[in-house]
Amino acid sequence: VARVRSFDHSGKDIENEPLYEISVQEEITARLHFIKFENTYIETCLDFIKDHLVNTETKVIKATGGGAYKFKDLIEKKLGLKVDKEDVMTCLIKGCNFVLRNIPHEVFAYQKDSDTEFRFQTNHPNIFPYLLVNIGSGVSIVKVETEDKFEWIGGSSIGGGTFWGLGALLTKTKKFDELLQLASKGQHTNVDMLVKDVYGGAYQTLGLSGNLIASSFGKSTTADKEFSKEDMAKSLLHMISNDIGQLACLYAKLHNLDKIYFGGFFIRGHPVTMRTITYSINFFSKGEVQALFLRHEGYLGAIGAFLKGAEQDNPNQYSWGENYAGSSGLMSTSPDVYPMQRTRSGTFDMLEMDRLERPLVNLPLLKDPSTYIPDTVDLTDDAMARKYWLTCFEEALDGVAKRAAASQPDSIDALQRAEKFRQKYWNKLQTLRQQPFAYGTLTVRSLLDTREHCLNEFNFPDPYSKVKQKENGIALKCFQSVIESLDSLGWEERQFALVKGLLAGNVFDWGAKAVSDQWLERLKGPPHKCALIFADNSGIDIILGVFPFVRELLSRGTEVILACNSGPALNDVTYSESLIVTERIAAMDPVIQSALREEKLLLVQTGSSSPCLDLSRLDKGLAVLVRERKTDLVIIEGMGRAIHTNYYAALKCESLKLAVIKNSWLADRLGGKIFSVIFKYEVPCK
């Protein structure tokens with residue numbers, strides 16, 4: 001991790017000294033690694049675990065599911081550990097709650113015939129209640145009401161095992177995947193009797209379409225011909241999926257639930273089963289209930305077993321984040337993309353999750369957290385936008401790798417690590433060209449975050465640290481003269497100059513005059529109680545842009561919460577850098593000094609290490625402060641935070657979104673010119 005620390009300047013000439021010391025240090029953090037093995041390779045799997053058992057104090061290994069019984073002796077013998085079996089349903093629910101809470105794009109609906117097969121859902125802040133339909137050998141239907149309260153409300157003996165067993169008898173195919181492969185090529189109408197076969201068309205009186213199945217396998221009673229394996233497998237799949245779909249719908253209606261998550265080996269990322277279940281739910285609920293699937297459904301039991309074992313550490317008090325650098329993502333279900341990938345069952349191979357230092361929560365000022373979507377452009381849906389941005393990131397990659405290597409001149413292997421980073425991120429970009437939905441909805445934010453994760457993977461926690469250090473030093477030398485010139489201006493002129501400063505002087509086209517007039521009018525009224533400012537870049541931006549603006553707000557009697565990133569991303573100012581910079585400014589400026597002393601200016605961290613901003617995942621301490629101080633103005637600045645994300649974010653209080661559009665494609669998309677100014681002053685409707 002990157003660390004910054006103030007130098008001890010006592011009795012030294014600090015004129016030519018760097019502002020602070022930069023170091024890269026080792027730090028122990030917690031990471032969950034998930035790797036998927038088939039049971040056939042259990043020995044290999046145990047060898048792998050043995051090689052990676054770092055903590056020798058481990059005496060017990062948690063296990064759940066059928067394998068916990070089947071392989072208990074083998075595991076204990078090979079690893080020399082006691083196997084502790086955990087209840088499978090409890091683990092499943094615990095794991096499900098965990099991914100719903102911690103992975104923003106965990107849930108998707110499946111749409112076979114649209115451009116994007118997977119349509120990801122926004123995580124609702126309240127994940128309960130929901131119905132979990134687990135389709136293994138049979139079907140279990142569980143109603144989940146809270147973290148620890150759930151009940152088995154029903155099920156069926158007709159499930160995945162029925163499909164497999166009857167399928168094996170009908171087609172002589174013993175392997176589950178092969179059976180699904182047959183079903184995907186089959187035509188069920190050759191075997192099934194449809195409504196039109198009975199009535200010669202649609203049954204208008206009851207509103208039934210002619211293509212509806214009237215009787216599964218109905219044609220086999222009258223036809224003398226042999227039916228193909230493919231057609232029989234497809235008919236069987238429809239029969240079982242429709243049965244499960246109707247059952248799930250009836251239970252959802254009975255218990256007044258509108259969220260149904262499907263899991264179990266019958267689903268596990270298989271397109272044919274997801275498609276038939278989706279159709280069935282849509283038909284029986286008349287479109288009122290949606291069939292939802294989980295990206296990491298195959299890991300739920302394992303996650304739950306881990307959480308049971310880690311209860312003394314209270315894992316739920318932390319937030320976790322997916323590490324894109326070590327996760328293989330959701331694969332395409334289209335056979336032409338990767339013909340080999342479906343030879344193994346399922347599509348999820350690896351997942352890594354990092355425990356974050358602090359719990360993350362919603363910004364309390366979001367107008368409606370359940371409909372908030374941080375990102376402005378969805379690249380999964382928009383093929384042109386996707387192509388443009390993936391090319392942008394590819395073209396910038398060599399420069400990023402060079403900067404990473406240059407940021408560690410004393411390291412002998414920096415060049416090799418930078419090259420490994422370049423290859424890894426390049427491979428990720430190629431995957432995303434083929435499978436834009438691999439990690440959820442593809443956005444500029446996810447591309448930036450993936451790049452940061454890959455840099456961290458190869459020990460480049462802060463490639464811009466030296467650049468930021470230098471720019472902060474230069475900007476601080478100009479601070480007093482900027483303040484003096486601002487103070488010499490008339491009130492109205494000063495307000496304009498302050499906003500221009502916030503935009504780092506990049507104002508080539510002051511096209512936001514009308515909006516800024518509205519802002520000026522507001523400033524003539526009573527002061528805001530408390531302003532929350534999300535800062536952007538180091539150097540000129542924070543020191544000569546944000547701080548003069550903060551100073552003006554403080555002079556008006558407004559308290560200020562200044563929020564900076566917890567960890568490094570590009571040249572954005574971090575919380576620890578902001579502490580040093582603020583200390584220096586306070587030594588020069590009595591307004592800032594007294595505001596700090598009286599706690600009218602508060603510096604906080606956002607909980608994020610991204611150049612963008614997700615207002616639904618912010619540091620809990622920041623959220624508490626926003627409530628306590630009755631914040632009534634939010635200022636978001638910079639392209640990453642105010643344009644790539646939050647351009648359409650609706651808040652309960654006044655907000656100011658400021659940025660200069662430095663990208664011609666984006667300017668065009670938003671209907672302006674490059675270097676246009678975005679100045680969005682928004683007042684919520686009363």
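Residues numbered from 1 in each chain as written. Predicted model: local features only at pLDDT ≥ 70, side-chain atom pairs only at ≥ 80, totals over all residues. Heavy atoms only, no water.

Asks: Explain the overall build of the protein chain to me, and be specific about the residues and the numbers.
Replies: Within the protein chain, the regular secondary structure consists of 22 helices and 24 strands. The C-alpha radius of gyration of the protein chain comes to 29 Å, within 12% of the 26 Å expected for a compact globule of 686 residues. With the principal axes as the frame, the protein chain shows a C-alpha extent of 100 × 65 × 45 Å. With 686 residues in all, the protein chain has 52% of them scored as buried. The long-range fraction of contacts in the protein chain, counting pairs at least 24 apart against all pairs at least 6 apart in sequence, stands at 72%. Positive and negative side-chain charges in the protein chain, numbering 81 and 86 respectively, have mean positions lying 3 Å apart. (Helix = DSSP H or I, 4+ residues; strand = E, 2+ residues; numbered from the N terminus. Rg over C-alpha atoms; globule rule 2.2 N^0.38 Å. Buried < 20%, exposed > 50% of the residue type's maximum accessible area, 1.4 Å probe, protein only. Contact = heavy atoms within 4.5 Å. Lys, Arg positive; Asp, Glu negative; His and termini not counted. Charge placed at Lys NZ, Arg CZ, Asp CG, Glu CD.)

Asks: Quick rundown of the sheet that holds strand S16 (residues 350–355)? Include the residues and the values.
Replies: Taken together, the 3 strands give an open sheet; going across it, the order is S3-S16-S15, and neighbouring strands pair in antiparallel fashion. Two strands close off the open sheet at either side, each with one partner strand: strand S3 (31–35) and strand S15 (320–322). When the angles between neighbouring strand axes are averaged without regard to direction, this sheet yields 20 degrees. Of the pairings in the sheet, the one linking S3 to S16 comprises 5 bridges and is antiparallel in character. Bridge pairing links Leu32 to Met353 in S16. (Pairing = 2+ DSSP bridges. Axes fitted to C-alpha atoms, helices over the stretch in contact; angles between N-to-C directions.)

Asks: Describe the environment of Phe393, naming the residues involved and giving the relevant values.
Replies: Within the secondary structure, Phe393 is located in helix H11 (residues 383–406). Among residues more than four places away in sequence, those in contact with Phe393 are Tyr425, Leu429, Val444, Leu447, Leu448 and Arg451.

Asks: Describe the nonpolar core, and please don't skip the residues or the numbers.
Replies: Nonpolar side chains in soluble globular proteins tend to be buried together. Ranked by size, the top nonpolar core spans 61 residues in total, and within it Leu447, Phe534 and Leu615 carry the most contacts. At 9 residues, the largest contribution of residues to this core is made by H11. Once residues within four sequence positions are removed from consideration, Phe534 is found in contact with Ala563, Thr606, Leu613, Leu615, Leu618, Leu622, Val634, Ile635, Ile636, Glu637 and Arg641. Counting residues in hydrophobic clusters, the runner-up holds 46 residues, among them Phe479, Leu498, Leu553 and Leu658. (Core = buried A, V, L, I, M, F, W, Y, C linked by side-chain atoms within 4.5 Å.)

Asks: Requested: an account of the UniProt feature "domain: Damage-control phosphatase ARMT1-like metal-binding" (unreviewed entry) in the protein chain, with residues and values cited.
Replies: When the UniProt feature table is mapped onto this chain numbering, "domain: Damage-control phosphatase ARMT1-like metal-binding" (unreviewed entry) sits at residues 392–514 and 516–672. Secondary structure across residues 516–672 comprises 43% helix and 19% strand; the distance between its end C-alpha atoms is 17 Å. (UniProt positions renumbered as here; feature names shortened; annotations may be inferred.)

Asks: Give a detailed account of the environment of Gly155, specifying residues and quantitative values.
Replies: Residue position: Gly155 is located in strand S10 (residues 150–156). Assessed through its relative accessible area of 27%, Gly155 is described here as partly exposed. C-alpha separation for the pair Gly155 and Ile135, spaced 20 residues apart in sequence, amounts to 9.3 Å. Not counting residues up to four positions away in its chain, the partners in contact with Gly155 are Val139, Ser140, Ile141, Leu247 and Tyr251.

Asks: For a nonpolar patch on the surface, give the residues involved together with the corresponding values.
Replies: A cluster of nonpolar side chains, contributed by Ile35, Phe48 and Met350, occupies part of the molecular surface with about 230 Å² of accessible area. Relative to the assigned elements, Ile35 resides in strand S3. (Patch = residues over 30% accessible without salt bridge, like charges linked within 9 Å, V, L, I, M, F, W, Y side chains within 5 Å. Areas by Shrake-Rupley, 256 points an atom, 1.4 Å probe, with all protein chains shown as cover. Salt bridge = Lys/Arg side-chain N within 4 Å of Asp/Glu carboxyl O.)

Asks: Quick rundown of the pairing of strand S20 (residues 601–605)? Include the residues and the values.
Replies: Burial analysis of S20 places 5 of its 5 residues in the buried class, the great majority of the element. The side-chain alternation of S20 yields two buried faces, one formed by Leu601, Leu603 and Gln605 and the other by Leu602 and Val604. Pairing of strand S19 (residues 559–564) with S20, which is carried by 5 bridges, proceeds in the parallel orientation. In the strand pairing of S20, Leu562 is matched with Leu603.

Asks: Describe helix H12 (residues 414–434), with residues and values.
Replies: An α-helical turn contains 3.6 residues, so a residue and the one three or four places further along point in the same direction. Spanning 21 residues, H12 covers 31 Å between terminal C-alpha atoms, matching the ideal 30 Å at 1.5 Å per step. Those residues of H12 that fall on the buried side of the exposure criterion are Ala414, Arg417, Ala418, Phe421, Tyr425, Lys428, Leu429 and Leu432. What you see down the axis of H12 is that its buried residues fit within an arc of 110 degrees, all on one side. (Expected span 1.5 Å × (residues − 1). Arc of directions from axis to C-beta.)

Asks: How would you summarise the pattern of salt bridges if you had to cite specific residues and measurements?
Replies: Enumeration according to the criterion identifies 36 salt bridges in this entry. For the salt bridge of Glu352 with Arg31, the shortest nitrogen-to-oxygen distance reads 3.3 Å. A residue pair is termed long-range when its members are at least 10 positions apart, and Glu352 in strand S16 and Arg31 in strand S3 qualify at 321 residues. Overall, the relative accessible area of 33% leaves Arg31 in the partly exposed class. A salt bridge links Lys468 to Glu577, with the nearest nitrogen and oxygen atoms 3.0 Å apart. Of this pair, Lys468 sits in helix H14 (residues 465–487) while Glu577 sits in helix H18 (residues 575–588); the two residues are 109 residues apart in sequence, bridging distant segments of the chain. You can call Lys468 buried: its relative accessible area is 0%. A residue is classified by how much of its surface remains accessible, and Glu577, at 1% relative accessible area, is buried.

Asks: Pulling in residues and values, what's your account of unusual backbone geometry?
Replies: Along the chain, Phe128 connects to Pro129 via a cis peptide bond; the corresponding omega equals -10 degrees. A positive phi angle is found at Lys172, which is not glycine, with a value near 65 degrees. Among the structural elements, Lys172 can be located in the loop between helix H5 (160–171) and helix H6 (176–185). Take Lys172: its relative accessible area is 65%, and that puts it in the exposed class. Backbone geometry places Lys286, a non-glycine residue, at a positive phi of 55 degrees. Note on placement: Lys286 falls in the loop between helix H9 (271–284) and strand S14 (290–294).

Asks: Pulling in residues and values, what's your account of the packing of aromatic side chains?
Replies: For the structure on display, the rule yields 27 aromatic pairs. With centroids separated by 5.1 Å and ring planes inclined at 65 degrees, the aromatic side chains of Tyr130 and Tyr261 adopt a geometry described as edge-to-face. With Tyr130 in strand S8 (residues 130–135) and Tyr261 in strand S13 (residues 259–263), this pair connects stretches of sequence that are 131 residues apart. Given a relative accessible area of 0%, Tyr130 falls into the buried group. A centroid spacing of 5.1 Å and a plane angle of 75 degrees characterise the contact between Phe176 and Phe265, whose relative ring orientation is edge-to-face. Of this pair, Phe176 sits in helix H6 while Phe265 sits in the loop between S13 and H9; the two residues are 89 residues apart in sequence, bridging distant segments of the chain. A network of ring pairs unites the aromatic residues Phe108, Tyr110, Phe118, Phe120, Phe262, Phe293 and Phe437 as a single cluster. Here the basic side chain of Arg417 rests over the ring of Phe460, its NZ or CZ set 4.6 Å away from the ring centre. Just above the ring of Tyr647 sits the side chain of Lys680; from NZ or CZ to the centre is 4.0 Å. (Phe/Tyr/Trp six-rings, centres within 6.5 Å; stacked < 30°, edge-to-face > 60°. Lys NZ or Arg CZ within 6 Å of the ring centre and 35° of its normal.)

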